[in-house]
2 protein chains.
Amino acid sequence: MSTTEIDTPTSTGSSTEAVLEVCRRAREASRALALAARSDKDRALHAIADGLVAAGEAIVAANGRDLERGRAEGLPPNLLDRLALDADRVAAIAAAVRDVAALPDPVGEVVRGSTLPNGLRLRQVRVPMGVIGMVYEARPNVTVDASALALKSGNAAVLRGGSAALESNAVLVEVIRAGLESVGLPADAVQTIDAWGRDGVQTLMRARGLVDLLIPRGGAGLIRTVVENATVPVIETGTGNCHVYVDASADLAQALAVTLNAKTRRTSVCNAAETLLVHAAAAAEFLPLALPALAEAGVRLHVDDRAAALAASAGVATEPATDEDWAAEYLALELAVGVVDDLDGAIDHVRRWSSGHTEAICTTDLRAADRFTAEVDSAVVMVNASTAFTDGAQFGLGAEVGISTQKLHARGPMGLAELTSTKWIVSGDGQVRPR
Amino acid sequence: MSTTEIDTPTSTGSSTEAVLEVCRRAREASRALALAARSDKDRALHAIADGLVAAGEAIVAANGRDLERGRAEGLPPNLLDRLALDADRVAAIAAAVRDVAALPDPVGEVVRGSTLPNGLRLRQVRVPMGVIGMVYEARPNVTVDASALALKSGNAAVLRGGSAALESNAVLVEVIRAGLESVGLPADAVQTIDAWGRDGVQTLMRARGLVDLLIPRGGAGLIRTVVENATVPVIETGTGNCHVYVDASADLAQALAVTLNAKTRRTSVCNAAETLLVHAAAAAEFLPLALPALAEAGVRLHVDDRAAALAASAGVATEPATDEDWAAEYLALELAVGVVDDLDGAIDHVRRWSSGHTEAICTTDLRAADRFTAEVDSAVVMVNASTAFTDGAQFGLGAEVGISTQKLHARGPMGLAELTSTKWIVSGDGQVRPR
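Note that the coordinates shown come from a computational prediction; the quantities given were computed from them, not determined experimentally. (Residues numbered from 1 in each chain as written. Chains lettered and ligands numbered in written order. Predicted model: local features only at pLDDT ≥ 70, side-chain atom pairs only at ≥ 80, totals over all residues. Heavy atoms only, no water.)

Draft legend 1. The arrangement of the overall build of chain A in detail. For chain A, the count of helices and strands is 15 helices and 16 strands. Over its C-alpha atoms chain A spans a radius of gyration of 24 Å, differing by no more than 12% from the 22 Å that the globule rule assigns to 435 residues. Projected onto the principal axes, the alpha-carbon positions of chain A cover approximately 70 × 70 × 40 Å. Taking all 435 residues of chain A together, the buried fraction comes to 60%. Here chain A has roughly 15700 Å² of accessible surface; of this, 51% comes from carbon and sulfur atoms. (Helix = DSSP H or I, 4+ residues; strand = E, 2+ residues; numbered from the N terminus. Rg over C-alpha atoms; globule rule 2.2 N^0.38 Å. Buried < 20%, exposed > 50% of the residue type's maximum accessible area, 1.4 Å probe, protein only. Areas by Shrake-Rupley, 256 points an atom, 1.4 Å probe, with all protein chains shown as cover.)

Structure (structure tokens):
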């Protein structure tokens, strides 16, 4: 999954100044965006959606040039697939922009408030972050998605979309900027720094005072690069080594359905299960059901010794699980399978190997459910439900900006509110504080 | 204010491993802390308060050795003053710990929740961060404060309190650890890495996966060092270049009281005003009142040309304001004073020079108040009230962990809730997600 895209040629010392200038213009534009009424932001979003449909041919043509270059450079088929746009996909992207327009505006929401004994009236109000940097890999749809979400939440966006989608993104950004201008909002609220390649990202990551938040979206390599080098605040998203634990007391039919759904519904997404743990008391009954079903679904199985013995009796081919398997985010039809002595063993395993995204327990034992949810330290803990439900739309948050696996600011699926900060507004009539 | 304390001798490659081991033990202890009932945490806090009082003599003696070393090394008097402990100050520190025990426990609060159409029940629940690193300067009271707040919010703490308070902090940490143990909580929930000096801080700042949040408390130099070097999440606190703007429509008697209070109530705190801006239409009336009153209060005045002319007529001594003055957080009886053409001039000045902490407008004009509060991008914006009110206790948040000047996670005064994250708990009965 991690094909880092922070790597195009271009690079001179002057690129630093050029990227900082982009960030300064974004900062200036963010002032207008922060004050824009919802109606103006929504009009801009509809103008952008119209623009995307109208520019469909130009977008597909630019994308064709990216695909051609990608094929010549030997990009793997799954990357080419994510990169590819056709008229239908452009229409779907435009429709998603209209969906964002329909969402409530998070800006201005009063989070809490009170009147103090001295008469001061306090309100804590949601305000935009300001300038949001997005660094992502070759997915042109993210260019539009991220811009729409930033805009709706009153933020300016500086985008770095990866060299593989260079031409597609250039056209998309042009359409977005035209849409902003058509309703009187500053075009510089959405800018790309793709032209400055890797140097540009380095500058963006360290543009303190100009960039309020940086969100990397992509593989573990990209996220690690950003976290290691950024001095602006970062939200890590989307690394999911998710676990399903089948407890001694589980309803095994349910557990089988949950396991199969969590592993095979979609394998390339971060909420897919990557490890199955089974209580020793349930293993002899559950694994002879689950392993053949998984194998039949095409899942390659990496198993520990106890699971291996049960797999052998069931005639299912497996290979031994190593520490690499326990750590792996396969994002493929592969699954690590282990038998644990008890609930403690499961919790310890999860705490050691999980990326903190989503874990599920299958159990009918209330105490086991309570302990698992309390002691597992992940963004989302499911009881008798598939890990596949960890998703902003499924959670009813409207749009999803990403799934945060960190604990600061946002944890789990991030909606529009997570792209805002707050401000305290304190109204008085000349109050001073006693010494 | 910025006398960086990240600088003691000691330093070998093996210190990295030693500090990582401290963090690992903190991580392990954080598991027990996260699950501890409020009653146990409160018992620990009371045991710590009792222990502080009982160990009063030993604490004051250790502090005496720090003070002696500090004098020998030529520490400035204000630092020695902050460092000094006597029996009364120890009693006050113990009382503050009991105050923290009396606060509600933020852990377990259900932030939001819903039941989805498919029957899944969602709850977003407050949980501890895990391990919090605190890096601060020579103030032994912070050792106890920070530990008490971390404990109450279910977190383990790793402390770096600065070489000047080395002996005081060692005794205080010993008392805290004994208090934890006396109620059956792990002593390793509070540890110090003072023994490893500067190297220890470097390791702490980069202990990803072991440290969930790092809070620097101190001067701008300390905070910059942490922000530049940390790879763990950081909350910046407490740099306050606060402004008071007196609008054309201000009630000048109120404006004078607010200005004097904001500047002179306490000068060493981050919510003190550092710049006074006056609308041109009010300057000729307001400054001949304000400048003599400020001068009489002992305030050294750095003024722009227009203010200089009015000061001269009023017979008040001033010196010219430079860009350094507009940028300065004096934390002293000094004030930069400027005359602006209008509200836009004031907003532009604040946006350019403010550290984003607190700004106040004095006005009777509703539109001016609305524009100032909307367009000034700071954590707290006051209307007709002193900047001195920006404070956790004043805001009714109970304890104050610090005042965040960043936009991510926490902005403005931080209470116990800001030391927590959240976790989604999703309860089902076998739900799987359709393809």
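Draft legend 2. Up close: the interface of chain A and chain B. Of the residues lining the interface, 74 residues belong to chain A; the matching set on chain B comes to 75 residues. Buried area between chain A and chain B, both sides added, is near 6400 Å², and the carbon and sulfur share of it is 49%. Taken together, the links from chain A to chain B amount to 15 salt bridges. Salt-bridge contacts for Asp212 of chain B lead to Lys407 of chain A; the nearest nitrogen and oxygen are separated by 3.5 Å. At the boundary of chain A and chain B, one finds 53 residue pairs in polar contact (both at pLDDT 80 or more). Split by residue class, the side of chain A that touches chain B holds 33 nonpolar, 20 polar and 21 charged. Pairing analysis gives 5 bridges linking strand S13 (residues 380-385) of chain A to strand S16 (residues 420-431) of chain B, with the strands arranged parallel. For Ala385 of chain A, the partnering residue across the bridge sits in S16 of chain B and is Gln431 of chain B. (Contact = heavy atoms within 4.5 Å. Buried area = accessible area lost by both parts, 1.4 Å probe. Salt bridge = Lys/Arg side-chain N within 4 Å of Asp/Glu carboxyl O. Polar contact = N/O pair within 3.5 Å; in protein donor to acceptor, adjacent residues only side chain to side chain. Nonpolar A, V, L, I, M, F, W, Y, C, P; charged D, E, K, R; others polar. Pairing = 2+ DSSP bridges.)

Draft legend 3. Inspection of the packing of aromatic side chains at higher detail. Residues and elements named next belong to chain A. Per the counting criterion, the structure on display carries 4 aromatic pairs over all chains. Between Tyr245 and Phe372, the ring centres sit 6.0 Å apart and the planes meet at 20°, which makes this aromatic pair stacked. With Tyr245 in strand S7 (residues 242-246) and Phe372 in helix H15 (residues 366-375), this residue pair connects regions lying 127 residues apart in the sequence. The pair Tyr245 / Phe372 is uniform in exposure class, with both members buried. (Phe/Tyr/Trp six-rings, centres within 6.5 Å; stacked < 30°, edge-to-face > 60°.)

Draft legend 4. Main features of helix H2 (residues 38-54) of chain B. All names here are of chain B. Here H2 is 17 residues long and its end C-alpha atoms lie 24 Å apart, about the 24 Å a rise of 1.5 Å per residue gives. Residues Lys41, Asp42, Ala44, Leu45, Ile48, Ala49 and Leu52 constitute the buried set of H2. Down the axis, H2 shows its buried residues gathered within 155° of arc, on one side only. The exposed residues of H2 that point more than 90 degrees off its buried face are Val53 and Ala54. Residues of H2 that are buried in the fold lie against helix H1 (14-35), helix H3 (56-72), helix H5 (87-102), helix H6 (140-152) and helix H7 (166-182). (Expected span 1.5 Å × (residues − 1). Arc of directions from axis to C-beta.)

Draft legend 5. Local environment of the pattern of salt bridges. Under the counting rule described, the total for this entry stands at 59 salt bridges over all chains. Across the pair Arg206 of chain A and Glu228 of chain B runs a salt bridge whose closest N-O atoms are separated by 3.4 Å. Of this pair, Arg206 of chain A sits in the loop between helix H8 (197-205) and strand S6 (213-217) while Glu228 of chain B sits in helix H9 (residues 220-229), which puts the two residues in different chains. The class of Arg206 of chain A is partly exposed, set by a relative accessible area of 41%. One connected set of salt bridges, linked through shared partners, spans Arg27 and Asp212 of chain A together with Asp377, Lys407 and Arg411 of chain B.

Draft legend 6. Structural view of H8 of chain A. For H8 of chain A, every residue scored as buried is listed here: Gly197, Gly200, Val201, Thr203, Leu204 and Met205 of chain A. Packing partners of the buried residues in H8 of chain A comprise helix H1 (14-35), strand S3 (131-136), strand S4 (156-160), S6 and helix H9 (220-229) of chain A.

Draft legend 7. Structural view of the pairing of S13 of chain A. All names here are of chain A. Of all 6 residues making up S13, 6 are buried, and the element is well covered by its neighbours. Across 4 bridges, strand S12 (residues 358-362) lies against S13 in parallel orientation. Residue pairing in the sheet places Ala360 in a bridge with Met382 of S13. Read as a crossover between parallel neighbours, the route from S12 over H15 to S13 is right-handed. (Right-handed = clockwise from strand over helix to strand, strands pointing away.)

Draft legend 8. Spotlight on the sheet that holds S13 of chain A. In space, the 10 strands of this open sheet follow the order S10(A)-S9(A)-S11(A)-S8(A)-S7(A)-S12(A)-S13(A)-S16(B)-S2(B)-S1(B), with mixed pairing throughout. Across the chains shown, the open sheet's two edge strands, defined by having one partner strand only, are strand S10 (319-320) of chain A together with strand S1 (110-115) of chain B. Judged from the 4 bridges that link them, strand S9 (residues 300-303) of chain A and strand S11 (residues 334-340) of chain A form a sheet pairing that is parallel. Within the sheet, the bridge partner assigned to His302 of chain A lies in S11 of chain A and is Ala336 of chain A. Along the sheet, helix H11 (residues 280-296) of chain A makes contact with S7, strand S8 (273-279), S9 and S11 of chain A, crossing S8 of chain A at roughly 145°. (Axes fitted to C-alpha atoms, helices over the stretch in contact; angles between N-to-C directions.)

Draft legend 9. Looking closely at unusual backbone geometry. Despite not being glycine, Asn384 of chain A has its phi angle at roughly 55°, a positive value. Structurally, Asn384 of chain A is set in strand S13.

Draft legend 10. Geometry of the pairing of strand S4 (residues 156-160) of chain B. Residue and element names in this part refer to chain B. Burial of S4 is extensive: 5 of the 5 residues sit out of reach of the surface. Alternating positions in S4 separate into two faces, Ala156, Val158 and Arg160 on one and Ala157 and Leu159 on the other, with burial throughout. Relative to S4, strand S3 (residues 131-136) is paired through 5 bridges, and the arrangement is parallel. Residue pairing across strands places Gly133 opposite Val158, the latter belonging to S4. This β-α-β element, S3 to H6 to S4, shows right-handed connectivity. Where the polypeptide runs from S4 across H7 and back to strand S5 (residues 190-192), its parallel neighbour, the crossover connection is right-handed.

Draft legend 11. Focus on the side chain of Arg411 of chain B. Among the structural elements, Arg411 of chain B can be located in the loop between strand S14 (402-404) and strand S15 (412-414). There is a polar contact of 3.0 Å between the side chain of Arg411 of chain B and the backbone oxygen of Thr422 of chain A. Look past the residues within four positions of Arg411 of chain B in its chain and what remains in contact with it is Val127, Ser421, Thr422, Lys423 and Trp424 of chain A together with Asp377, Ser378, Ala379, Ser404 and Gln406 of chain B.

Draft legend 12. Representation of the relation of the copies chain A and chain B. If you rotate chain A by 180° and push it 0.0 Å along the axis, it lands on chain B with an RMSD of 0.0 Å. The superposition of one copy onto the other is thereby described by a two-fold rotation axis. Minimal C-alpha separation from the rotation axis in chain A is found for His409 of chain A, amounting to 1.9 Å. Of all interface residues in chain A, 100% are interface residues in chain B too; the two copies therefore contact each other through one and the same surface. (Least-squares fit on C-alpha atoms with pLDDT ≥ 70 in both.)

Draft legend 13. Structural view of the state of the cysteines. Across all of its chains, the model carries 0 disulfides over all chains by this definition. For the unlinked cysteine Cys270 of chain A, the closest cysteine sulfur is that of Cys242 of chain A, found at 6.9 Å. (Disulfide = S-S within 2.5 Å.)

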